[in-house]
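Chain by chain, the residues:
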Amino acid sequence: MATVAIPAAKWTWVPPHPRVRTGDGLDADGQIVERCLSGQDAAWEELVKLHTRRVYSICYRFTNSDSEAQDLTQDVFLRVFKNLKSFRSGEGLFVVWLTRLTRNLLIDHYRRTRMERATESIDDQGPALEETTAMMARTEGMLAGREASEVLQAALQKLSPDLRETVILRDLEELEYREIAQVLNVPEGTVKSRLNRGRAELARTLRRLKVRI
C-alpha cells in the first residue's frame, strides 16, 4: 500500500468531498470501492486522494497535533485497506463508514495513550440561539486566516470530546444529522442536543478569547 500523502497546509479547511450519485443510485465513492475490491491499484490511490483531507482534518481537530494527526491518518487508511471488504454500499454512504472508522481509531488512540478526557457535563444551555447561530455562520469565514483558525482550534479543545466531535462532524465536515447519528451510534435527538450545547459552549469560549461573533 502506498504511503498516504498528507496535505501540507494544515490550517486550510477544504469543503467535504461532494457526494455525486449516478443514475443507478450508487454514489461515486461506492463505485471506487468496487474498483478497489476488484484489485485496481489506481482506484485505491483515488480513494485515498479524495478522502485524506477529511480524515486528517478530523484527526487534527481532535488531537490538536499535526504529527499525531498525520500518523493517525496513515493508521486510518491502513484500517480502511484491511477492512474495505466489510463496507456494503447498499447499507449506507462510504463517507459515513469512513468517519465511523476514523472515530473508532481516535477512541482507541485516547485509550492507548491514556490521554485525559473531559467528563464534566455542560448543563448551562448558555447564550441565546441567535448568538450561537450567528457565530457558526461566521465559522467558514474565520477559517480563511491562519490566526483565526488557530483561535477556533484552541476553542474546540475546550469542549468535551462528545460535544467537540459533534460540532466537528456537523459544522466543519457538514455531515447530516442522521449520518452523525450513525457515526456516533446515538439517536438524532442526542446529536441535536450535543450540537446545541457544543455551539453554545464554543460561542462562550470564543467570546472569552475576544473573538467577535
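Residues numbered from 1 in each chain as written. Predicted model: local features only at pLDDT ≥ 70, side-chain atom pairs only at ≥ 80, totals over all residues. Heavy atoms only, no water.

Engineer: How should I be thinking about the environment of V186 in this particular structure?
Structural biologist: Looking at the secondary structure, you find V186 in the loop between α9 (177-184) and α10 (188-208). For V186, the residues in contact, after removing those within four places along its chain, are A181, V191 and R194. (Helix = DSSP H or I, 4+ residues; strand = E, 2+ residues; numbered from the N terminus. Contact = heavy atoms within 4.5 Å.)

Engineer: What exactly am I supposed to notice about the side chain of E201 here?
Structural biologist: Topologically, E201 is positioned in helix α10. At 2.4 Å, the side chain of E201 and the side chain of R204 are in polar contact. (Polar contact = N/O pair within 3.5 Å; in protein donor to acceptor, adjacent residues only side chain to side chain.)

Engineer: Teacher, can you tell me more about the nonpolar core here?
Structural biologist: Soluble globular proteins tend to pack their nonpolar side chains together in the buried interior. Within the largest apolar cluster, 49 residues are counted, with the highest numbers of intra-cluster contacts made by V80 and F94. Per-element accounting of this core gives the leading share, 10 residues, to helix α2 (residues 41-63). Not counting the four nearest positions on each side in its chain, V80 is found in contact with W44, W97, L98 and L101. (Core = buried A, V, L, I, M, F, W, Y, C linked by side-chain atoms within 4.5 Å. Buried < 20%, exposed > 50% of the residue type's maximum accessible area, 1.4 Å probe, protein only.)

Engineer: How do you make sense of the confidence of the model for the protein when you look at a structure like this?
Structural biologist: Any segment with low pLDDT has predicted coordinates that should not be analysed in fine detail. Of the residues in the protein, 69% reach a pLDDT of 70 or more, and the chain-wide mean stands at 75. Within the protein, the lowest mean pLDDT, 43, falls on helix α5 (residues 129-137), and the highest, 93, falls on helix α3 (residues 66-83). Here residues 6-26 scores under 50 on pLDDT; set against residues more than four positions off or in separate chains, the count is 46 contacts. Taken together, the stretch residues 115-144 has pLDDT below 50 and engages in 50 contacts with residues farther than four places along the chain or on a different chain. (pLDDT = per-residue confidence, 0-100.)

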